[in-house]
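# A structural walkthrough
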Amino acid sequence: MKAITILKKAFRDPITHFVLIGLALVAINHIWSNYQGEQGRTITVSAAEMDRLSALWANTAGRLPTGEDRQQIIDQYVQQQVLVREAERLGLGDEDTIIQRRLAQKMDFLVSGESKAANPSDAELKTWFEQNRDKFAAPERRSFVHIYLSPEKHGGAIEAVAASALNAAKSGADWKGLGDPFIQKRSYAALPESEVTRLFGPDFASAIFKLEAAQWSPPIGSAFGLHLVRIETIDSAAEANFEPIKAEVAAAWQEDQSSKAKQAALQELVSGYDVVIEGGKGE
């Protein structure tokens with residue numbers, strides 16, 4: 001009787017009610033989590049999803065999938081779903097930069113697909129070509145030889161060594177016997193400035209495209225060291241003509257128009273958002 005009395009008093013106590021409610025909530029949460037977990041471990045490949053995946057497969061392979069192909073499609077889909085759900089379970093998608101970048105790339109692809117321009121008339125294409133003729137002109141090309149001087153070998157004396165090699169070259173010495181070994185070639189034929197820039201850097205390219213032909217230059221620096229350069233031939237830039245490169249012009253026009261349409265579409269999307277930059281200067 002005494003125990004029963006104690007229990008009655010305990011059940012009338014508000015603290016006991018609070019504890020019991022808490023335990024009930026924990027139990028409900030546990031049951032719900034288990035249910036959700038079981039639901040989350042079911043992967044359904046619907047008929048509509050299978051049709052979509054088969055169509056994507058056919059676009060890539062150029063034929064409809066066979067029974068074996070369909071099983072491979074299903075296997076890949078299931079594996080992808082498992083990886084996605086496991087990543088979500090671990091919270092890898094929260095504020096994940098790579099995932100955000102992938103989503104942005106997919107949206108960018110969709111915007112690009114909607115930005116295809118219609119084919120222009122010949123008159124429109126020719127007008128655009130005249131406005132952008134420089135894009136199609138053959139660039140000036142230069143052939144040259146050079147004497148290389150290594151900073152690792154000569155150190156602080158490299159300028160003096162370069163001056164001595166320049167005097168020898170101007171005096172008629174065989175240039176091939178002067179200077180140091182070079183990891184690339186010592187003579188180049190018909191290179192545009194862009195290619196010289198790629199090989200030696202922009203400062204070197206800019207300098208040699210200002211030189212006169214058939215004379216040795218003062219020392220010119222590059223990422224490798226110093227060079228004495230002699231321009232052998234200069235092939236002047238050639239102006240482009242419309243008809244021979246009409247197809248190339250049409251492709252460039254399409255790319256240009258699509259790029260402009262895409263930028264306009266992106267700007268329209270951006271205009272629908274308020275951009276707030278926190279922590280800027282002056283705050």
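Residues numbered from 1 in each chain as written. Predicted model: local features only at pLDDT ≥ 70, side-chain atom pairs only at ≥ 80, totals over all residues. Heavy atoms only, no water.

## Quick look at the overall build of the protein
- Looking only at helices and strands, the protein has eleven helices and four strands in total.
- Relative to its 283 residues, the protein shows a buried fraction of 25%.
- Carbon and sulfur atoms make up 56% of the accessible area of the protein, which totals about 20300 Å². (Helix = DSSP H or I, 4+ residues; strand = E, 2+ residues; numbered from the N terminus. Buried < 20%, exposed > 50% of the residue type's maximum accessible area, 1.4 Å probe, protein only. Areas by Shrake-Rupley, 256 points an atom, 1.4 Å probe, with all protein chains shown as cover.)

## Quick look at the side chain of Ser-143
- Residue placement: Ser-143 occurs in strand 1 (residues 141-149).
- For Ser-143, the side chain forms a polar contact with the main-chain nitrogen of Ala-190, separated by 2.8 Å.
- Once residues lying within four places of it in the same chain are set aside, the contact partners of Ser-143 are Tyr-188, Ala-189, Ala-190, Arg-230, Ile-231, Glu-232 and Thr-233. (Polar contact = N/O pair within 3.5 Å; in protein donor to acceptor, adjacent residues only side chain to side chain. Contact = heavy atoms within 4.5 Å.)

## Considering the packing of aromatic side chains
- Applying the stated criterion across every chain, the model contains 13 aromatic pairs.
- Residues Trp-128 and Phe-136 carry aromatic rings whose centres are separated by 6.1 Å and whose planes lie at 70 degrees to one another, so their mutual orientation is edge-to-face.
- The class of Trp-128 is buried, set by a relative accessible area of 8%.
- Classification of Phe-136 by relative accessible area gives buried; the value is 13%. (Phe/Tyr/Trp six-rings, centres within 6.5 Å; stacked < 30°, edge-to-face > 60°.)

## Comments concerning the pattern of salt bridges
- For the coordinates displayed, the defined rule picks out ten salt bridges.
- Glu-49 is the partner of Arg-52 in a salt bridge, and the nearest nitrogen-oxygen pair spans 2.6 Å. Within this pair, Arg-52 and its partner Glu-49 are both found in helix 3 (residues 47-61), separated by three residues, close to a single helical turn.
- Judged by its relative accessible area of 16%, Glu-49 falls in the buried class.
- Where Asp-69 meets Arg-63, a salt bridge forms, and the shortest distance between an N and an O atom there is 2.9 Å. (Salt bridge = Lys/Arg side-chain N within 4 Å of Asp/Glu carboxyl O.)

## A short note on the packing of helix 3 against helix 4 (residues 67-89)
- Two elements in contact, helix 3 and helix 4, have axes whose closest approach is 10 Å; the angle formed by their N-to-C orientations is 110 degrees. The orientation of helix 3 relative to helix 4 falls into the category roughly perpendicular. The two elements helix 3 and helix 4 meet at a crossing, and its hand is right-handed. Residues Glu-49, Met-50, Leu-53, Ser-54 and Trp-57 of helix 3 form the contact with helix 4, whose participating residues are Asp-69, Arg-70, Ile-73, Ile-74 and Tyr-77.
- For the contact of helix 3 with helix 4, the class distribution of residues is six nonpolar, one polar and three charged. (Axes fitted to C-alpha atoms, helices over the stretch in contact; angles between N-to-C directions. Parallel < 35°, antiparallel > 145°, perpendicular 65-115°, else oblique. Left-handed = near helix turned anticlockwise from the far one by under 90°. Nonpolar A, V, L, I, M, F, W, Y, C, P; charged D, E, K, R; others polar.)

## Things to note about the sheet that holds strand 4 (residues 226-235)
- In spatial order, the strands read 2-1-4-3; together these four strands make up an open sheet with antiparallel pairing. Where the open sheet ends on each side, the last strands, each with one partner, are strand 2 (187-192) and strand 3 (220-221).
- Both strand 3 and strand 4 contribute to a ladder of two bridges, which runs antiparallel. The partner of Gly-221 across the bridge, within strand 4, is Leu-226.
- Running at roughly 40 degrees to strand 4, helix 8 (residues 158-170) makes contact with strand 1 and strand 4 of the sheet. (Pairing = 2+ DSSP bridges.)

## Examining the pairing of strand 4
- Where strand 1 meets strand 4, nine bridges bridge the pair, whose relative direction is antiparallel. Opposite Phe-144, over in strand 4, you have Ile-231 as the bridge partner.
- Hairpin geometry of strand 3 and strand 4 is characterised by an intervening segment of four residues between the two adjacent antiparallel strands and by a positive phi of about 155 degrees at Gly-225.

## Description of helix 9 (residues 193-200)
- Here helix 9 has its buried residues at Val-196, Leu-199 and Phe-200. Down the axis of helix 9, the sector holding all buried residues measures 75 degrees, keeping them to one side. Of the exposed residues in helix 9, the ones pointing more than 90 degrees away from its buried face are Ser-194 and Arg-198.
- Positive backbone phi, at 105 degrees, marks Gly-201, one or two positions downstream of helix 9. (Arc of directions from axis to C-beta.)

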